[in-house]
Structure formats: structure tokens, C-alpha cells
Amino acid sequence: MISEEEYAQRAGVELRALVDALDAVEDDEVEAELASDILTVEFSDDSKYVVNSHSAARQIWMAAERNAWHFDWVPEKSAWIAAKTGDELWDTLARVLGEKLGHAVRLRR
């Protein structure tokens, strides 16, 4: 498990990068906001996805539709990976956004 200090640095950078990438998505149906380590993705139909830092577990958690993921930092892959599914954070968020919006979404770091 990574140290608390390393976790805080990596998670903060990741969440800020995600909100920047979401802000660059050209779709009026989606809006992203980062506040207190909670990234909220809101849609025009008032539904929300949430990506947040969970410092006690040293994970980034994501909830979208009726699914939830717990992403751990995997140094060998330099990525946040969900242990249960092997899903990578950025790919997973792009996939669920695409499913919600009805078209492919590409998130750029």
C-alpha cells in the first residue's frame, strides 16, 4: 500500500487532471466540478456520477449508474486500477460516459 503522503499527492493530481479532461469534452449534456476531492459529473437529465478520493482506504472511488469501482494505485502500471475488475480509472470513466451520452468519449490527460 502506498504511503498516505504519496496517496494524497497522486489522488489530488489525478482528480484535477480528470476534471480538466472532462471540461475539454465538447458536449452540452455534461458538466464537471471538483470540490474537496469530490469530482461530480452532472448531466442535463440531473443524474450524477461521482469520483472521489477515499483517503482512509487510499483509493479513488467512482460511482456511476448502479455500479461502483474502487481504484488502487498500481505503480507497475502507473495507473489507478480496480482490483476486482482490472478496470483502469480513465478508461472506465470514458466508457461509462460514452454509454450515458450515446457516443464515444475520449478523455485526454
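All of these numbers come straight from a predicted model, not from anything done at the bench.

What counts as what
- Residues numbered from 1 in each chain as written.
- Predicted model: local features only at pLDDT ≥ 70, side-chain atom pairs only at ≥ 80, totals over all residues.
- Heavy atoms only, no water.
- Helix = DSSP H or I, 4+ residues; strand = E, 2+ residues; numbered from the N terminus.
- Expected span 1.5 Å × (residues − 1).
- Axes fitted to C-alpha atoms, helices over the stretch in contact; angles between N-to-C directions.
- Left-handed = near helix turned anticlockwise from the far one by under 90°.
- Contact = heavy atoms within 4.5 Å.
- Nonpolar A, V, L, I, M, F, W, Y, C, P; charged D, E, K, R; others polar.
- Buried < 20%, exposed > 50% of the residue type's maximum accessible area, 1.4 Å probe, protein only.
- Salt bridge = Lys/Arg side-chain N within 4 Å of Asp/Glu carboxyl O.

Peer 1: What is the right way to read helix α2 (residues 89-101) from this model?
Peer 2: Relative to the 18 Å expected for 13 residues at 1.5 Å per residue, α2 spans 18 Å between its end C-alpha atoms, a close match to the ideal helical length. At the C-terminal side of α2, Gly 102 shows a positive phi close to 80°.

Peer 1: Where do I start with the packing of helix α1 (residues 4-23) against α2 in this structure?
Peer 2: Axis angle and axis distance: for two packed helices, these are the angle between their axes and the distance between the axes, and together they describe the pair. One can describe the packing of α1 onto α2 by two numbers: an axis separation of 12 Å at closest approach and a directional angle of 30°. In this structure, the crossing between α1 and α2 has a hand that is right-handed. Residues Glu 14, Ala 17, Leu 18, Ala 21 and Leu 22 of α1 touch α2, and the partners they reach there are Leu 89, Trp 90, Leu 93 and Leu 97. In the contact of α1 with α2, the residues fall into eight nonpolar, no polar and one charged.

Peer 1: Just to check I follow, could you spell out the environment of Val 41 for this structure?
Peer 2: Within the secondary structure, Val 41 sits in strand β2 (residues 38-43). On the accessibility criterion, Val 41 (0% relative accessible area) is buried. Considered as a pair, Val 41 and Trp 69 are 28 residues apart in the sequence and their alpha carbons are 15 Å apart. When neighbours within four sequence positions are excluded, Val 41 is seen to be in contact with Leu 22, Val 30, Glu 31, Ala 32, Ser 47, Lys 48, Tyr 49 and Leu 97.

Peer 1: Can you walk me through the pattern of salt bridges in this structure?
Peer 2: It is possible for side chains of opposite charge to pair when their charged atoms get near one another. All chains considered together, the criterion is met by seven salt bridges. The residue Arg 10 makes a salt bridge to Glu 6 at a minimum N-O spacing of 2.8 Å. Of this pair, Arg 10 and Glu 6 are both found in helix α1, four residues apart, which corresponds to roughly one turn of the helix. In this structure Arg 10 comes out as partly exposed when scored by relative accessible area, which is 28%. Look at Glu 6 and you get partly exposed, because its relative accessible area is 29%. Asp 87 is the partner of Arg 95 in a salt bridge, and the nearest nitrogen-oxygen pair spans 3.8 Å. Each of the salt bridges in this network shares a partner with another, and the network as a whole consists of Glu 14, Glu 88 and Arg 109.

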